Amino acid sequence: MNAPDVNLYLVGFMGTGKTTVGRIAAQRLGFACIDSDREIERQSGRTIPEIFADSGEAAFRRMELDFIESGHPASRTVVACGGGLIVQPGAPELLRNRGVVVCLHASVETILERTGRQSNRPLLACADPEGRIRALFAEREPVYRSAGTVILTDVRPLREVVAHVIRVWNREAAEFARSH
């Protein structure tokens with residue numbers, strides 16, 4: 001595979017900016033942009049809250065892995081991955097074998113601010129969303145930090161975050177192309 005064709009996978013906790021950064025980075029790279037959550041909804045004909053309610057979280061997690069294995073183009077695509085996708089057993093390796101993985105990171109306070117206005121997050125449909133975020137964040141943070149290059153999103157302007165993501169992709173895509 002040639003370096004300019006290597007996929008970029010954005011991972012990280014909900015509310016770290018994966019979809020927003022992914023759209024802009026894809027535009028600048030001339031790539032397609034796919035949000036794994038939206039694509040799973042499109043392919044299944046159900047919203048994520050409906051999938052969780054009807055089939056459970058385990059079924060949704062399997063759909064995420066199926067999406068990474070075969071549900072999207074193998075090149076020239078930026079994929080904004082759902083927050084829980086990378087924490088599944090085998091998912092980090094699966095993503096790293098398909099392209100460059102960049103983890104977007106933000107503080108719990110920023111995540112709370114960014115997700116507080118959203119109703120489409122089934123993991124936050126509980127009596128204590130802040131407690132749930134803090135617990136999930138603590139549980140998942142080690143996996144996020146080891147998934148790929150970590151870029152902080154809560155103290156930087158969006159344009160700087162995107163520029164940093166593209167710099168990392170340029171460097172790591174060349175390495176990926178040489179080794180695959």
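Further up the page is the structure itself.
Criteria and thresholds
Residues numbered from 1 in each chain as written. Predicted model: local features only at pLDDT ≥ 70, side-chain atom pairs only at ≥ 80, totals over all residues. Heavy atoms only, no water. Buried < 20%, exposed > 50% of the residue type's maximum accessible area, 1.4 Å probe, protein only. Helix = DSSP H or I, 4+ residues; strand = E, 2+ residues; numbered from the N terminus. Pairing = 2+ DSSP bridges. Axes fitted to C-alpha atoms, helices over the stretch in contact; angles between N-to-C directions. Parallel < 35°, antiparallel > 145°, perpendicular 65-115°, else oblique. Left-handed = near helix turned anticlockwise from the far one by under 90°. Contact = heavy atoms within 4.5 Å. Nonpolar A, V, L, I, M, F, W, Y, C, P; charged D, E, K, R; others polar. Salt bridge = Lys/Arg side-chain N within 4 Å of Asp/Glu carboxyl O. Phe/Tyr/Trp six-rings, centres within 6.5 Å; stacked < 30°, edge-to-face > 60°.

With that settled, the discussion passes to the pairing of strand E3 (residues 77-80). The alternating pattern of E3 places Thr 77 and Val 79 on one face and Val 78 and Ala 80 on the opposite face, and all of these are buried. Both strand E1 (residues 7-11) and E3 contribute to a ladder of three bridges, which runs parallel. Bridged to Leu 8 within E3 is Val 78. In this sheet, E3 lies alongside strand E2 (residues 32-35) in parallel orientation, the contact comprising four bridges. If you follow Cys 33 over to E3, its bridge partner there is Val 78.

Moving on, we come to the packing of helix H6 (residues 108-115) against helix H7 (residues 129-147). A pair of packed helices is characterised by two quantities: the angle between their axes and the separation of those axes. In the contact formed by H6 and H7, the axes pass within 10 Å of each other and the chain directions differ by 135°. Judged by the inter-axis angle, H6 sits oblique to H7. For the crossing formed where H6 meets H7, the hand is right-handed. Only Glu 130, Ile 133, Arg 134 and Phe 137 of H7 make contact with H6, whose side of the interface consists of Val 108, Glu 109, Ile 111, Leu 112 and Thr 115. Of the residues contributing to the contact of H6 with H7, the split by class is five nonpolar, one polar and three charged.

For the structure shown, the criterion picks out 15 salt bridges. A salt bridge links Arg 46 to Asp 54; the nearest nitrogen and oxygen atoms lie 3.7 Å apart. Using a relative accessible area of 23% as the deciding quantity, one classes Arg 46 as partly exposed. When the shortest N-O distance is used, the salt bridge between Glu 57 and Arg 61 registers 3.0 Å. Placement of the pair is Glu 57 and Arg 61 together in helix H4 (residues 57-70), with a separation of four residues, close to one helical turn. A relative accessible area of 31% places Glu 57 in the partly exposed class. The network of salt bridges with shared partners includes Asp 35, Arg 38 and Glu 41.

Before going further, it helps to spend a moment on the packing of aromatic side chains. Enumeration according to the criterion identifies four aromatic pairs in this entry. Seen in terms of ring centroids, Phe 52 and Phe 60 are 5.4 Å apart; in terms of plane orientation they differ by 45°. Their pairing is tilted. Accessibility assignment for this pair places Phe 52 and Phe 60 in one class, buried. Members of the aromatic cluster, joined through ring pairs, are Phe 13, Phe 137 and Tyr 144.

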